[in-house]
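Reading the structure
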Amino acid sequence: MDDIAARYAADGWPAKVDATGPALTAEYSAPSAGPPPWHVYRIAVETAMALGTVEPGGATRWRF
């Protein structure tokens with residue numbers, strides 16, 4: 001978690017690890033983010049699909 005907080009801090013947002021563990025806190029954030037702490041999740045995508053809804057239509061799939 002420390003490495004994630006350091007990456008945000010390097011980009012100008014002074015985030016730090018919250019005392020609860022898997023969360024970040026900072027003195028300020030976007031109003032839409034709600035109050036701290038903000039929990040961090042990792043999503044490992046293996047497959048993504050897209051479906052065209054207008055002509056010519058079609059579908060595709062990506063595997064990562």
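Residues numbered from 1 in each chain as written. Predicted model: local features only at pLDDT ≥ 70, side-chain atom pairs only at ≥ 80, totals over all residues. Heavy atoms only, no water.

Concerning the overall build of the protein
Broken down by element type, the protein carries one helix and five strands. Computed over the C-alpha atoms, the radius of gyration of the protein is 18 Å, more than 25% above the 11 Å expected from 2.2 N^0.38 for a compact globule of 64 residues. Over its C-alpha atoms, taken along the principal directions, the protein stretches across nearly 50 × 25 × 20 Å. The 64 residues of the protein split such that 14% are buried. Partitioning the contacts of the protein with sequence separation of at least 6, the portion at a separation of at least 24 is 4%. Total accessible area on the protein stands at roughly 5,400 Å², and carbon and sulfur atoms take up 57% of it. For the protein, the centre of its 5 positive side-chain charges and the centre of its 7 negative side-chain charges are spaced 10 Å apart. (Helix = DSSP H or I, 4+ residues; strand = E, 2+ residues; numbered from the N terminus. Rg over C-alpha atoms; globule rule 2.2 N^0.38 Å. Buried < 20%, exposed > 50% of the residue type's maximum accessible area, 1.4 Å probe, protein only. Contact = heavy atoms within 4.5 Å. Areas by Shrake-Rupley, 256 points an atom, 1.4 Å probe, with all protein chains shown as cover. Lys, Arg positive; Asp, Glu negative; His and termini not counted. Charge placed at Lys NZ, Arg CZ, Asp CG, Glu CD.)

As for the side chain of D18
As for its position among the elements, D18 is in the loop between β1 (16-17) and β2 (23-25). With no salt bridge to any partner, buried D18 finds its closest opposite charge in K16, at an N-O distance of 8.8 Å. Polar side-chain contacts of D18 include one of 2.8 Å to the side chain of T20. Setting aside residues no more than four positions away along its own chain, D18 makes contact with A23, L24, T25 and P37. (Salt bridge = Lys/Arg side-chain N within 4 Å of Asp/Glu carboxyl O. Polar contact = N/O pair within 3.5 Å; in protein donor to acceptor, adjacent residues only side chain to side chain.)

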